[in-house]
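# Structural features, examined
Read off the chains here:
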Amino acid sequence: MSAGSESAAIIGGGLAGSLLAILLARRGTAPIVIERSRPFSNAAPPRGRSINLALAARGIAALDRAGIFDEIEGLLIPMRGRMLHDERGGRRFVPYGQRRGEAIHSVSRSALNYTLYEIASRRYGVEYRFEHECVDFDTASGSAVIASPRGRELLDAAVAFAADGAGSSVRRALGRAGEINASEVPLDHGYKEFTFRSGSDGDFALDPNALHVWPRGDFMLIALPNLDRTFTATLFLPLEGDPSFANLHSRAIEQFFAANFADALPLMEDVEADWANHPTGYLGTVHCRPWRYRDRVALIGDAAHAIVPFHGQGMNAAFEDCAEIDALVAKHGSDWNLILREFEARRADNAGAIAEMALENYRVMRDHVRGDEFNLRTKAAFELERRFPDRFIPRYSMVMFHPEIGYAEAQRRGAAQDDLLDRLIGEARTLDEIDFERARGMLDRFFGSAARR
Ligand SMILES: Cc1cc2nc3c(=O)[nH]c(=O)nc-3n(C[C@H](O)[C@H](O)[C@H](O)COP(=O)(O)OP(=O)(O)OC[C@H]3O[C@@H](n4cnc5c(N)ncnc54)[C@H](O)[C@@H]3O)c2cc1C
């Protein structure tokens, strides 16, 4: 049986699926959205996914493109840098950027998803089919197989976008059918979330305009602020070994926090209960090519390129995918064959680059940020940006604050800049010992062409 002829369909009404629904509807192609969950509500989300996320410039640019950033802005709390907490309770603030407005923004996943859904369905008349789950993909007809309380049916749409997340059924079905090459590479660290209550005066117990990090070498705790003045903290820890999710248990967890995060423990509502009741989350990277099957379906967002969360870019990259599709629809109308091909050609290298940078950033966040070398490199990179603003932008800033620079380009320029920083810093231990004027010639030689491109 067929689900009825639709011009476009989206499988998965999460962050990417709902933003894409708005963008397509604005172009006159209101899609239907197939979503396996129960109808979305404004109530607290079920535990198991991250509670809050960092939204950065790429995501904001895509929301702006959809004309809805104003409606999202009220959900955001700006975080202007990392607040590093050491073992002795000391704190050091390291800004993320130095130009005006260079901040990332904490946002509730469920509030953001609900707002996007409301805009898509109420303003643009997008039909969400809840409790409909894609369970397979029929390559003969080029259609997704949808299971719902009415039974199974083929999704009959001119084109479908699979935005069904990291565990995408569409990707797995196409992989099983040998139509695409897909792999899921698990990380050997997992995560668990905890709640920090607000202070006794009802205000935030920590500076809300920072992303708090307790880097401890092989593991780390981070905390992002929520609008209700609590924080959601996430412990990233190896799955095996000592310490690990395998060898810690509810009764030992308080002691573990006391030994490693002593200044965080008094802020926690109930560390034992959170440990016992919140699921352990698993992380990994999805590699997959091609991202499409003929002109029938394209994978987008996590379905095509899920990454580990240490650069805070998975959602931002997924939103950038949506903006790219919107630009291609503006250019090519409903020539889906062309749109799907160009989409993959423009995005795949960028997705690969952010996947690698996100993995690298885990070691930076949990370990390197503690050292004097990181501190000096960060300051030296800011100094170079100040002196040569059109030639040098720190890699972190390119990724987080410069949507006009693709991820692949940021990675390429970042590698060349790293080389330059190595040479410039040499044996120096302070900024004063660095001869920044030497950088002028080096910038000309090393990246005159790269920086200007
Ligand atoms: C711990 C953690 C922290 C993170 N922090 C950040 C961050 O700070 N910044 C950032 O940018 N990103 C972050 N991310 C990544 C971010 O969560 C994802 O990149 C983002 O959710 C991808 O959006 P998506 O729409 O592709 O997938 P999802 O948000 O996973 O949405 C998928 C949707 O599809 C539905 N679905 C799934 N399967 C089916 C099916 N078979 N049929 C129908 N519907 C289906 C789901 O119910 C869901 O609604 C983090 C991720 C984790 C795990």
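Note that the structure is a prediction, hence the values are computed from the model and not measured.

Glycine aside, the phi torsion of most residues is negative, and most peptide linkages are trans. In this structure, Pro243 follows Asp242 across a cis peptide bond, with omega equal to -5°. In this structure, the amide linkage connecting Arg289 to the following residue, Pro290, adopts the cis form with an omega of -15°. If you trace the backbone, Pro290 turns up in the loop between strand S17 (281–289) and strand S18 (292–293). Even without being glycine, Arg229 reaches a positive phi, approximately 70°.

One frequent convention defines the size of an interface as the accessible area lost when the parts assemble. Domain assignment breaks the protein chain into domain 1 (6–77 + 105–185 + 283–361), domain 2 (187–282) and domain 3 (371–452). The straight-line distance from the C-alpha centre of domain 1 to that of domain 3 is 34 Å. Of the roughly 1300 Å² buried where domain 1 meets domain 3, counting both sides, 56% is carbon and sulfur surface. Ranking the residues of domain 1 by area buried against domain 3 places Arg58, His311 and Met357 at the top, with a combined share of 45%.

Before going further, it helps to examine the site of the ligand. Taken together, 31 residues form the shell around the ligand, and within it Ala16, Glu35, Ala54, Arg109 and Asp302 come nearest. The contact in question runs from an oxygen atom of the ligand to an N or O atom on the backbone of Leu15, over 3.3 Å. In this structure, a nitrogen atom belonging to the ligand sits 3.1 Å away from a side-chain N or O atom of Ser169. In the complex, 91% of the free accessible area of the ligand, which totals 1000 Å², lies under the protein chains. Elements represented by at least two residues in the shell around the ligand include exactly helix H1 (15–26), strand S2 (32–35), strand S3 (52–55), strand S9 (133–138) and helix H9 (314–332). For the shell around the ligand, the element with the highest residue contribution is H9, accounting for three residues.

The next subject is the sheet that holds strand S6 (residues 91–95). In space, the seven strands of this open sheet follow the order S6-S5-S14-S15-S16-S13-S17, with mixed pairing throughout. Every interior strand has two partners, whereas the edge strands, S6 and S17, have only one. On average, adjacent strands in this sheet sit at an angle of 25° to one another, irrespective of strand direction. In this sheet, strand S14 (residues 211–215) lies alongside strand S5 (residues 81–85) in parallel orientation, the contact comprising three bridges. Bridge pairing in S14 links Leu84 to Val213.

The strand order S3-S7-S4 describes an open sheet built from three strands, whose pairing is antiparallel. At either margin of the open sheet sits one strand with a lone partner, and together these are S3 and strand S4 (77–79). Across the sheet, the mean angle separating the axes of adjacent strands is 35° when strand polarity is ignored. Where S3 and strand S7 (residues 104–108) come together, four bridges link them in antiparallel fashion. Opposite Asn52, over in S7, you have Ser108 as the bridge partner. Most of the contacts of helix H4 (residues 109–123) go to S7, to which it runs at about 80°, and overall it touches S3 and S7.

With that settled, the discussion passes to the environment of Gln313. With respect to the element layout, Gln313 can be found in the loop between helix H8 (302–305) and H9. The contact partners of Gln313, leaving out residues within four places of it in the chain, are Ala56, Arg58, Ile307, Ile354, Val399, Met400 and Tyr407.

The rolling of a water-molecule-sized probe over the atoms marks out the regions of remaining empty space. In this structure, the second largest pocket spans a volume of roughly 720 Å³. Surrounding the second largest pocket, 26 residues form its lining, Val364, Phe374, Arg377, Thr378 and Asp418 being those nearest its centre. Those elements giving two or more residues to the lining of the second largest pocket turn out to be helix H10 (336–366), helix H11 (372–387), helix H12 (395–401) and helix H13 (407–425). Considering every element that reaches the lining of the second largest pocket, the biggest residue donor is H11, with seven residues.

As a further point, take the packing of aromatic side chains. If you walk through the whole model with that rule in mind, you get 25 aromatic pairs. Here the aromatic rings of Phe256 and Phe257 are separated by 6.1 Å at their centres, their planes lie at 85°, and the arrangement is edge-to-face. The exposure class of Phe256 is buried, given its relative accessible area of 7%. Overall, Phe257 belongs to the buried group, its relative accessible area being 0%.

What counts as what
- In this numbering scheme, every chain counts its residues from 1 along its sequence in written order.
- Totals for whole chains, interfaces and linings use every residue, but because this is a predicted model, local features are given only for residues with pLDDT of at least 70 and side-chain atom pairs only at 80 or more, for both listing and counting.
- Hydrogens and water molecules were not included; the side-chain quantities draw on all heavy atoms of the structure.
- For helices the rule is a DSSP run of H or I covering at least 4 residues; for strands it is a run of E covering at least 2, with both sets numbered from the N terminus onward.
- Those domain boundaries reflect an automatic or database domain assignment.
- As a working definition, buried area equals the accessible area (1.4 Å probe) given up by two parts on being put together, with both sides summed.
- We call a residue near a molecule or strand when any one of its heavy atoms sits within 4 Å of it.
- Polar contacts, as used here, are pairs of N or O atoms within 3.5 Å; protein pairs need one atom able to donate a hydrogen and one able to accept it. Residues neighboring in sequence count only if both atoms are side-chain atoms.
- Under the convention used here, a 1.4 Å probe and the Shrake-Rupley method define accessible areas, while residue burial counts only the protein chains that appear.
- One bridge is not enough; two strands pair if DSSP finds at least two bridges between them.
- Helix axes are fitted only over the stretch in contact, all axes being lines through C-alpha atoms; the angle between N-to-C directions runs from 0 to 180 degrees.
- The contact definition used throughout considers only heavy atoms, calling two residues in contact when any of these lie within 4.5 Å.
- Buriedness for pockets is judged along seven lines, at least five of which must meet protein on both sides within 12 Å for an open set on the 1 Å grid over protein atoms alone, while cavities are sets there where a 1.4 Å probe fits but cannot get out, and lining residues have an atom within 4 Å of a point.
- Grid points are joined across faces, edges and corners, and a volume is the space filled by probe spheres set on the points.
- In summary, the pairing rule links any two rings of Phe, Tyr or Trp, Trp by its six-membered ring, whose centres are within 6.5 Å, and it sorts them by plane angle into stacked for under 30 degrees, edge-to-face for over 60 and tilted for everything else.
- Each residue is assigned to one of three classes by its accessible area relative to the maximum for its type, calculated with a 1.4 Å probe on protein chains only: buried under 20%, partly exposed between the two thresholds, exposed over 50%.

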